[in-house]
Amino acid sequence: MDLKDFAFRMRYETLRSLLDRNGAVLQLLNDLEADLRHMRHFDPRIRRPLCRILDDATLMAQELNLLSSNRYFEVFDVLFTIRGELANLEAEAADARGQPLAIPIGHEGSLDERLVGGKAAGVAALAMRFGDRVPGGFTVTTAGYHRFIEENRLHDRIRLLLDDLGIGTDRDRFCDRTETIRNWIRSADVPQGVREAIDYHASAASSSVGAWGWAVRSSAIGEDGVCSFAGQFDTLLRVRPEDLVDAYREVLASRFSERAVTYRIHCGVSEVETPMAVLFMPMVEARAAGVAASIDTSAPDSDRIIINAAPGLGDDVIQGRTKADVILMTRGSTPEIIEVDKGTDSGVRGLIGDHVLAEVGRLAMEAEAALGYAVELEWAVGDDGAVRLLQVRRLRPTAETDERSDDVGRRGIPILEGGMTVFPGRAEGPVAFLDPDGDPSGIPEGSVVLTRLAGPEIVSTLPRIAALIVEEGNPSGHTATLVREFSVPSLFRVGASIRRLTGRGVVSVDATRRRVFEGSRWPGIRERVLARLARGGSARLSGPLYERVMALNLTDPEASDFKVGGCRSVHDTIRFMHEMAIRSMFEFGDRHHGLPLSRNRRRLETDLPLKFHIIDLEGAVTTDARKVPPWSVECVPFKALWRGLSDERLPWPDRWKRMMRDVPAAFREEMLGARRGLRRNTDDNYLMVARDYLNLNARLEYHYSTVDAIVRQGDQNNHVHFEFRGGGASEENRVRRARFLEKVLRESGFGTDRSGSLVTAWLRRYPSQETEAALELLGRLMVCARQLDALMRQESDIGFYAEGFLAGDFSIFSW
């Protein structure tokens, strides 16, 4: 072995070790992300995998510097800085253990949302501004919830049932699991410290509690925030003092209701991010109650207030289960009534008087001024005529869409006009009717849904429907909040005219102008609707561990910030080190390209449009010829991958060359991004093989692929690591292709991570036969995915091509 071969062999061994650590760390990061959906970031069970990730990343930094002659020593500084920051989390754990189990409304700590939840923090803010107008009460904090879960040893059992629940889970299975968790909580013991806190604070407030008893409400972290959780958890009313502990337990159980878990999944919110505090408030013996919005959300510049009001308690109005009067009022120091849309039989106006409605409007504006944002204010009028404030949530106005809604030059008369806009915009889809008491899971995706009344239970349909049209409905309250949150074009209070839509096929809805037309009216709207539905549930974890360990910010190797200084997380350093290690190997090979080839550096000979230098590491090539046919490579993972690449059913048209045959090569490469990335079209690609090992780093036309695999008997050391990026299409289409790859790989058993158009996938510790089958699938997938630059046109293509590939229908990838 000459010195150059020895040097290459040493680099190969170093690279192989680095790639093996890279795969192990990615798996640990994936597992850690799953853990952090159920555990707090300072949980002791997090510490061990976190230390392993940091240690392996540091060893990767050593190996990268061996490959690159110490060019990337700054990676150590980044990792040491992150390690020091994470060490401070232990102090945060000590602080958490000292948190109070209960806090009176208006006292120190009652504004801390991480301790009392969003709803209770809002009530505390009202109490500090409006004093006795808020009934008072207390909150059992998130520390009480954590103690409840820990003392009853529910954490691991809950995680076991929630781990693989998703939107696509069989409905019966979904319901059975969530019901099981609720029953565990209902049968668990409330910790003695929490019982004592409830008894103490309830006794202290007993003088303000009348015959109607207590209201016990959820106050989860994040509730009434960006993700409102409006109506997803339970509220118990008229609770007797002796039943408060049982009511507390029941509200905790509602955290795992079917609709609450579905909502969390749709919003991409992890289970650990929403621990439950519980708010206890004395009931107001209400003559009338409702919700006041400090602005008209459908027309934020209209200078109007909207008040929903009904006799008695306001809970059914807020939940959307009963009709209410809708009163439009002017904004100003003395609000005046503009219009009343009467929904109740007797009317609230005569029950409490215009002066009380004006006071409600004024209080809504005062709350807006005090909090600094538009609000939705829950209120009640007691027998003494005084207005009480029960709850406040931030109101996010809906922006007018940029669609031009004039229909000049278009034929056709609307089949429905009127109603109240809750969220503006256009949509189209087939009509589907939802019975208020029916099962919403059967509503087809992309439908325009018609219903008589819409309660918070409708949340499971909102992320997957085109538009919502409601016969009755209240423009304020939980359902309206959810509609705005999911950006669903919606019309409420269309009345009996909704019946004109029954039996129709596709309809087009213009919620901004409050009109519905028959048929498909506006080009491109259907695709925009499907794109909105496809974006649902994409939120990721947050918090110090996510930001400094798992977040991937470096996604484009050719971007200006793809350097050590751009690394803000451990995941960034892993991505950076992997890329630079591969480049270092290419650079070494390129430096020796002009020298005579020794026995272990030859060309792969094939009729397929692939160009490779094959590097034999351990006598895997059985011929001395300089051009090596694939069947002369005795490498188990290579043979498996090649079976996929050379599958006769696959299309290998030279599509881009045909399309661009009259375009100069240099211009073609510049336009299609071919000068970006590891290799140019004229550069050599390298294929490293041993009898049980394969490393492929190559550019196939305008796409970049990495495959690293070990296949041995048994499963202890077997692994496959795969990356795919690049392409000659627009960034939008590259992301669509990445989502196609992600879907196929996940359904084929791979772990996956997608960031923009970059897809990373891995398979570890599978038996040799299954690992070979996975490599064969990757071979076919690499060929088919490169065709999608010219084939993909719309969002629905993602599912179409993924389902076709998985079914073995490769003809759809022909062009």
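See the structure above.
Small disclaimer: the values here were computed from a predicted structure and weren't measured.

Engineer: Which parts of the structure should I look at to understand the sheet that holds strand β10 (residues 375-382)?
Structural biologist: Strands in a sheet are paired, the pairing made by backbone hydrogen bonds, and the direction either parallel or antiparallel. Read across the open sheet, the six strands follow the order β9-β8-β7-β6-β10-β11; overall the sheet is antiparallel. Taken across any chain shown, the strands that pair with only one partner, and hence form the sheet edges, are β9 (337-341) and β11 (387-394). Between one strand axis and the next, the sheet turns by 20 degrees as a mean value, whatever way the strands run. Pairing between strand β6 (residues 286-293) and strand β7 (residues 304-311): six bridges, direction antiparallel. Paired with Ala289 across the bridge in β7 is Ala310. With respect to the sheet, helix α5 (residues 113-130) is in contact with β10 and β11, its orientation differing from that of β11 by roughly 130 degrees. Of the strands in this sheet, β6, β7, β8 (325-330), β9, β10 and β11 are in contact with helix α14 (residues 354-371), which crosses β10 at around 140 degrees.

Engineer: I would appreciate a short explanation of the sheet that holds strand β18 (residues 506-510) in the present structure.
Structural biologist: Taken in spatial order, the eight strands of this open sheet run β12-β19-β18-β14-β15-β16-β17-β13, and their pairing is mixed. The outermost strands of the open sheet, each flanked by one partner alone, are β12 (416-417) and β13 (420-423). Taken together, the two bridges between β12 and strand β19 (residues 515-518) define a ladder with antiparallel strand orientation. Its bridge partner lying in β19, Leu416 is registered against Val516.

Engineer: What exactly am I supposed to notice about the pattern of salt bridges here?
Structural biologist: Where charged atoms of side chains with opposite charge meet at close range, the side chains can pair. Inspection of the entire model under this criterion finds 39 salt bridges. Where Arg259 meets Asp234, a salt bridge forms, and the shortest distance between an N and an O atom there is 3.6 Å. Within this pair, whereas Arg259 is found in helix α11 (residues 258-267), its partner Asp234 is found in the loop between β3 (214-220) and β4 (235-239), the two being separated by 25 residues in sequence. Asp234 sits in the partly exposed class, given a relative accessible area of 27%. The shortest N-O distance in the salt bridge between Glu471 and Arg499 comes to 3.7 Å. Of the two residues, Glu471 is situated in the loop between β16 (467-470) and α15 (478-485) and Arg499 in the loop between β17 (490-492) and β18; the sequence distance between them amounts to 28 residues. Several salt bridges share partner residues, and in doing so they unite Arg643, Asp647, Arg649, Glu772, Glu776 and Arg780 into one network.

Engineer: Would you mind going over the pairing of strand β26 (residues 719-726) with me for this structure?
Structural biologist: A large share of β26 lies buried, amounting to eight of its eight residues. Across eight bridges, strand β25 (residues 703-710) lies against β26 in antiparallel orientation. From the neighbouring strand, Asp708 faces β26, where its bridge partner is His721. Bridging between β26 and strand β28 (residues 758-764) involves six bridges; their strand directions are antiparallel. For His721, the partnering residue across the bridge sits in β28 and is Trp762.

Reading the values: the criteria
- Residues numbered from 1 in each chain as written.
- Predicted model: local features only at pLDDT ≥ 70, side-chain atom pairs only at ≥ 80, totals over all residues.
- Heavy atoms only, no water.
- Pairing = 2+ DSSP bridges.
- Helix = DSSP H or I, 4+ residues; strand = E, 2+ residues; numbered from the N terminus.
- Axes fitted to C-alpha atoms, helices over the stretch in contact; angles between N-to-C directions.
- Contact = heavy atoms within 4.5 Å.
- Salt bridge = Lys/Arg side-chain N within 4 Å of Asp/Glu carboxyl O.
- Buried < 20%, exposed > 50% of the residue type's maximum accessible area, 1.4 Å probe, protein only.

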